[in-house]
Amino acid sequence: MVQKWFEEAKLGIFIHYGIYAVNGIAESWSFYNGRISYEDYMKQLDGFTASKFDAGQWAELIENSGAKYAVLTTKHHDGVALWDTGFSDLNVVDKTPAKRDIVKEYAEAITKRGIKLGLYYSLIDWSHPDYPSVYEGGRVPDDPGAANPFSYPTDGIQDEERWQRFLEFNNNQLRELLTNYGKVDLMWFDGDWERSAAQWNLPAFKTYLTSFNPELIINSRLQGHGDYKTPEQGLPITRPEGPWEFCTTINRSWGYVPTDNHYKSLNQIIRMFCDCIAMGGNMLLDIGPREDGTIDKRQEDILLGLGAWIRTHEEAVYGTGEGIHTRYYLGGSTVSKDRKTLYLFVYDNPKESVCLKGLANKINKITVLHSGKELTHEIHGGVPWFNIPGTAWIHMTPEDAHENVTVLKLELDGELDMYGGSGAVVTHN
Ligand code: GLC
């Protein structure tokens with residue numbers, strides 16, 4: 001079940017940390033797609049040192065970013081566990097020079113700062129010998145030989161027993177994660193697409209997970225049995241139904257890929273964040289630490305910059321809800337809990353004014369949030385006897401703008417009331 005804290009969190013930090021950072025290549029997919037052999041991929045185990053990993057520093061950075069929760073990849077599709085699992089020696093304690101339980105240190109540091117604890121766990125395990133034992137939905141494809149051997153039995157023979165063994169393995173690892181690291185607030189699954197709901201043993205699997213903590217939030221990548229939607233990389237244009245979270249990378253990669261210089265700017269990240277909260281969602285912003293546990297300055301700067309912007313505009317972020325439709329205002333917006341304050345996000349420099357249509361309320365006061373400057377406005381048009389409001393033109397010039405997104409605070413005479421009609425002919429004047 002989605003908890004209140006999640007809907008109010010607005011920002012989470014996603015962390016893709018794993019052996020893939022050693023060569024700086026794509027997490028798991030690089031061997032799955034044949035860009036590197038499985039053997040060479042796994043050689044990265046020898047280079048994973050976590051030598052400068054300081055969970056306290058991560059937690060501090062996350063707190064400074066304004067995020068209220070964090071989600072760490074405890075195990076990606078490659079099957080390498082970041083904790084001391086007793087069910088496979090493919091883990092960083094047994095198989096890498098790091099010899100540390102990363103999940104333990106992370107969980108302690110995150111929890112200590114009052115940040116909600118999220119764990120990513122890949123349902124898929126492309127290293128487990130029992131994983132490629134059945135096909136999606138149990139249907140043998142026309143050409144089993146063409147199936148990827150990491151996912152499916154390419155000889156066409158399905159082995160249910162092995163599949164059941166694999167599910168038990170996942171359950172065992174998940175029990176470790178959900179019982180050995182304090183209270184886990186959120187489980188972030190990935191990879192459900194390779195098997196059907198029945199094969200993942202849903203909904204019983206979900207009941208199993210929540211038996212460890214009834215307040216556990218589970219993302220939607222569980223063949224429709226999760227609690228909230230997770231659109232990825234492409235910002236939704238239509239608001240996803242129900243609670244949702246947009247996950248995104250800062251450059252193009254989830255993990256640490258030093259050759260990927262395609263970074264989004266701070267301004268773009270802030271705007272994307274505003275787009276999410278304006279549509280009632282959260283943003284889960286990803287960082288990919290280096291193998292030694294340090295974080296690329298460009299990623300750190302984005303987190304700190306976003307945090308600084310959020311702190312300046314806190315009241316427009318936390319405790320607010322979804323804003324008004326862009327037909328009313330060509331930008332993002334949020335509404336205060338009592339619905340008496342409307343916050344407009346001004347993305348660009350206005351020429352002489354900012355235009356707001358359809359507002360039936362009287363505006364008592366308009367303030368530029370970061371400077372405290374009060375702005376005047378004028379109303380034009382409207383047909384009072386048909387209750388069709390006029391257009392509010394808020395006087396604002398480029399000098400009033402914040403270097404990134406400007407927020408205008410509009411205090412209304414009552415609860416927000418927007419007109420949504422198609423206008424009318426004025427029959428008497
Ligand atoms: C995709 C990818 C994976 C990444 C995830 C994050 O599902 O499989 O590599 O971890 O997105 O949302």
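Residues numbered from 1 in each chain as written. Predicted model: local features only at pLDDT ≥ 70, side-chain atom pairs only at ≥ 80, totals over all residues. Heavy atoms only, no water.

Draft legend 1. Molecular detail of a nonpolar patch on the surface. On the surface, a cluster of nonpolar side chains totalling about 270 Å² of accessible area is made up of Trp385, Phe386 and Val426. Locating valine 426 in the fold gives a position in the segment after strand S15 (406-412). (Patch = residues over 30% accessible without salt bridge, like charges linked within 9 Å, V, L, I, M, F, W, Y side chains within 5 Å. Areas by Shrake-Rupley, 256 points an atom, 1.4 Å probe, with all protein chains shown as cover. Salt bridge = Lys/Arg side-chain N within 4 Å of Asp/Glu carboxyl O. Helix = DSSP H or I, 4+ residues; strand = E, 2+ residues; numbered from the N terminus.)

Draft legend 2. Expanded view of unusual backbone geometry. Backbone torsion omega between leucine 202 and proline 203 reads 5°, so that peptide bond is classified as cis. With respect to the secondary-structure elements, proline 203 resides in the loop between strand S4 (186-190) and helix H9 (204-210). We note that serine 28 has phi near 50°; this positive angle belongs to a residue other than glycine. Counting through the fold element by element, serine 28 comes out in the loop between helix H2 (20-23) and helix H3 (29-32). Unlike most non-glycine residues, asparagine 387 shows phi in positive territory, near 55°. Along the polypeptide, asparagine 387 turns up in the loop between strand S13 (377-380) and strand S14 (391-395).

Draft legend 3. Looking closely at the domain arrangement of the protein. One can read the domain layout of the protein as domain 1 (4-312) and domain 2 (320-412). Each of domain 1 and domain 2 was reduced to a C-alpha centroid, and the two centroids are 39 Å apart. Taken together, the contact pairs 15 residues of domain 1 with 16 residues of domain 2. When the two sides are added together, the surface that domain 1 and domain 2 hide from each other amounts to roughly 1200 Å², 54% of it contributed by carbon and sulfur. Of all residues in domain 1, Arg271, Ala278 and Trp309 give up the largest surface area on contact with domain 2, accounting jointly for 38% of the area buried on that side. Our count for the domain 1 to domain 2 interface comes out at three salt bridges. (Domains from an automatic or database assignment. Contact = heavy atoms within 4.5 Å. Buried area = accessible area lost by both parts, 1.4 Å probe.)

Draft legend 4. Geometry of the UniProt feature "domain: Glycoside hydrolase family 29 N-terminal" (unreviewed entry) in the protein. According to UniProt, the "domain: Glycoside hydrolase family 29 N-terminal" (unreviewed entry) feature falls on residues 2-314. Between the C-alpha atoms that bound residues 2-314 the distance is 23 Å, and the span itself is 33% helix and 12% strand. (UniProt positions renumbered as here; feature names shortened; annotations may be inferred.)

Draft legend 5. Focus on helix H11 (residues 297-312). Taking 1.5 Å of rise per residue, 16 residues should cover 22 Å, and H11 covers 22 Å from first to last C-alpha, within 8% of that figure. Against strand S1 (11-15), helix H5 (55-64), helix H10 (266-278), strand S7 (282-287), helix H12 (314-317) and S15 lie the buried residues of H11. You can read the cap of H11 off the contacts: a side-chain oxygen lies 2.8 Å from the backbone nitrogen of arginine 298, and it is on aspartate 296. (Expected span 1.5 Å × (residues − 1). Polar contact = N/O pair within 3.5 Å; in protein donor to acceptor, adjacent residues only side chain to side chain.)

Draft legend 6. Here's a closer look at the site of the ligand. What surrounds the ligand is a group of 14 residues, the closest being His16, Glu27, His76, His77 and Glu232. Within the side chain of histidine 16, a nitrogen or oxygen atom sits 2.6 Å from an oxygen atom of the ligand. Within the contact set of the ligand, an oxygen atom lies 2.6 Å away from a side-chain nitrogen or oxygen of glutamate 27. Burial of the ligand by the protein chains amounts to 94% of its free accessible area of 310 Å². (Near = heavy atom within 4 Å.)

Draft legend 7. Highlighting the environment of threonine 85. Inspection of the secondary structure assignment puts threonine 85 in the loop between strand S2 (69-75) and helix H6 (92-95). Along the sequence, threonine 85 and leucine 174 sit 89 residues apart, while their C-alpha atoms lie 9.7 Å from each other. Filtering out sequence-adjacent residues up to four positions away, threonine 85 remains in contact with Asn91, Gln173 and Glu176. At 3.4 Å, the side chain of threonine 85 and the side chain of glutamine 173 are in polar contact. Among the polar contacts made by the side chain of threonine 85, one reaches the side chain of glutamate 176 at a distance of 2.7 Å.

Draft legend 8. Representation of the packing of H5 against helix H7 (residues 102-112) in the model. The contact between H5 and H7 brings their axes to 8 Å, and the two run at 40°. When the axes of H5 and H7 are compared, the pair comes out oblique. Judged by the sense of rotation from one axis to the other, the crossing of H5 with H7 is right-handed. Contacts between H5 and H7 involve Ala55, Gly56, Trp58, Ala59 and Ile62 on the former and, on the latter, Glu105, Tyr106, Ala109 and Ile110. (Axes fitted to C-alpha atoms, helices over the stretch in contact; angles between N-to-C directions. Parallel < 35°, antiparallel > 145°, perpendicular 65-115°, else oblique. Left-handed = near helix turned anticlockwise from the far one by under 90°.)

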